[in-house]
Amino acid sequence: MNTSSFLRSVFAGLALAALTSFMVPAPAEAEPLYFALEVRREGRLVAQPKLLGETGRTLRAERRKPGAPHSDYQLILKPMPEGQSYRLALDLTLPELRGHSDLSLLHGQQRKLQLGNVPGELEVSLLLMRVDSPEFRAMMNLSESEGTISARSI
């Protein structure tokens, strides 16, 4: 193989490598999300967590009374972007009761889920919102110019 053939092969290889690097999709940035949940067991309110999370990251929440050996509840959310919506895996554990759901939600959508064996045994109401959205700002009473998020007074 002469020098010019070798150089052509090297340039062709570099061009192919550059082309394929542009074709590989860039990893999506994590998008901050707000979750408001209401958990009911047999109609009785058990928990109302309000959580901030990100797409592509597992969010875990647990409530435990000081000194208690077991938690009142454990919640695991796994949000993933899916086009204009979000695919969400939800796992909820209460003492002696567990529930799981895989669902798809749009920004601002609220859904009621039956996670128990019979209707009403374990019910979750779930709202998902993008943190950087006009709807989220309105709900939190934030102006467009505010750079930090502060909770509204109760």
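Heads up: the structure comes first, above all this text.
Some details on the sheet that holds strand 6 (residues 85-94)
Thought 1: One open sheet accounts for 4 strands, arranged 4-5-6-7; its pairing is antiparallel. Both edges of this open sheet fall to strand 4 (59-63) and strand 7 (97-106), since each of them pairs with a single strand only. Strand-to-strand twist in this sheet, taken as the mean axis angle between neighbours without regard to direction, amounts to 15°.
Thought 2: Pairing between strand 4 and strand 5 (residues 73-82): 5 bridges, direction antiparallel. Paired with Glu 62 across the two strands is Gln 74, which belongs to strand 5.

A word on the environment of Val 124
Thought 1: Positionally, Val 124 belongs in strand 9 (residues 122-130).
Thought 2: When its relative accessible area of 1% is taken as the criterion, Val 124 is described as buried.
Thought 3: Contact partners of Val 124, with chain neighbours within four places excluded, come to Leu 37, Glu 38, Val 39, Leu 90, Leu 92, Arg 111, Lys 112, Leu 113 and Leu 115.

Here's the deal with the nonpolar core
Thought 1: By size, the foremost hydrophobic cluster in this structure holds 26 residues, and its most contacted members are Phe 35, Leu 37, Leu 75, Leu 77, Leu 90, Leu 92 and Leu 126.
Thought 2: Looking at this core, the elements with two or more residues in it are strand 1 (32-41), strand 2 (44-47), strand 4, strand 5, strand 6, strand 7 and strand 9.
Thought 3: No other element matches the 5 residues that strand 6 contributes to this core.
Thought 4: Once you skip the residues sitting within four places of it in the chain, Leu 90 turns out to touch Leu 37, Leu 75, Ile 76, Leu 77, Gly 99, His 100, Ser 101, Leu 113, Leu 115, Val 124 and Leu 126.

Some thoughts on unusual backbone geometry
Thought 1: Phi is positive for Glu 42, which is not a glycine, with a value near 50°.
Thought 2: Within the element layout of this structure, Glu 42 appears in the loop between strand 1 and strand 2.
Thought 3: Accessibility expressed as a relative area gives 64% for Glu 42, which makes it exposed.
Thought 4: At Glu 96, a position not held by glycine, the phi torsion is positive, near 65°.
Thought 5: Tracing the backbone shows Glu 96 in the loop between strand 6 and strand 7.

A word on the pairing of strand 3 (residues 50-54)
Thought 1: The side-chain alternation of strand 3 yields one buried face, formed by Leu 51 and Gly 53, and one unburied face, formed by Lys 50, Leu 52 and Glu 54.
Thought 2: Strand direction decides the pairing type here: strand 1 and strand 3, joined by 5 bridges, are antiparallel. The residue of strand 3 that forms the bridge with Tyr 34 is Leu 52.

Describing the side chain of His 107
Thought 1: Residue position: His 107 is located in the loop between strand 7 and strand 8 (110-114).
Thought 2: Polar contacts involving the side chain of His 107 include one to the main-chain amide nitrogen of Arg 130, which spans 2.9 Å.
Thought 3: Side-chain polar atoms of His 107 contact the side chain of Glu 135, separated by 2.9 Å.
Thought 4: Not counting chain neighbours up to four residues away, the residues in contact with His 107 comprise Tyr 86, Leu 128, Met 129, Arg 130, Ser 133 and Glu 135.

Observations regarding the pattern of salt bridges
Oppositely charged side chains can pair when the atoms bearing their charge come close.
Thought 1: The full count for this structure, using the stated rule, is 7 salt bridges.
Thought 2: One salt bridge connects Glu 38 with Arg 40, and the closest N-O pair in it is separated by 3.2 Å.
Thought 3: The exposure class assigned to Glu 38 is partly exposed, which follows from its relative accessible area of 26%.
Thought 4: A salt bridge links Glu 54 to Arg 57, with the nearest nitrogen and oxygen atoms 3.1 Å apart.
Thought 5: For Arg 57, a relative accessible area of 56% corresponds to the exposed category.

Rules behind the numbers
- Within each chain, residues carry numbers counting from 1 in the order of the written sequence.
- Only residues with pLDDT of at least 70 are given local features in this predicted model, and only at 80 or more are side-chain atom pairs given and counted; all residues enter the totals for whole chains, interfaces and linings.
- Excluded from the side-chain calculations are hydrogens and water; all other atoms, namely the structure's heavy atoms, are used.
- Strands qualify as paired when DSSP identifies two bridges or more between them.
- The numbering of helices and of strands both runs from the N terminus, where a helix is a DSSP run of H or I of at least 4 residues and a strand a run of E of at least 2.
- Convention adopted: a line fitted to C-alpha atoms gives each axis, helices being fitted over their contacting stretch, and angles between N-to-C directions are expressed from 0 to 180 degrees.
- Each residue gets one of three labels from its accessible area relative to the maximum for its type: buried under 20%, exposed over 50%, partly exposed in between, using a 1.4 Å probe on protein chains only.
- Throughout, a residue-residue contact means that at least one pair of heavy atoms, one from each residue, lies within 4.5 Å.
- In these notes, a set of buried Ala, Val, Leu, Ile, Met, Phe, Trp, Tyr and Cys residues joined through side-chain atoms within 4.5 Å is what counts as a nonpolar core.
- Nitrogen and oxygen atoms within 3.5 Å of one another constitute a polar contact, given that in protein one can donate a hydrogen and the other can accept it, and given that sequence-neighbouring residues count only through two side-chain atoms.
- By definition, a salt bridge exists where a carboxyl oxygen of Asp or Glu is found within 4 Å of a side-chain nitrogen of Lys or Arg.

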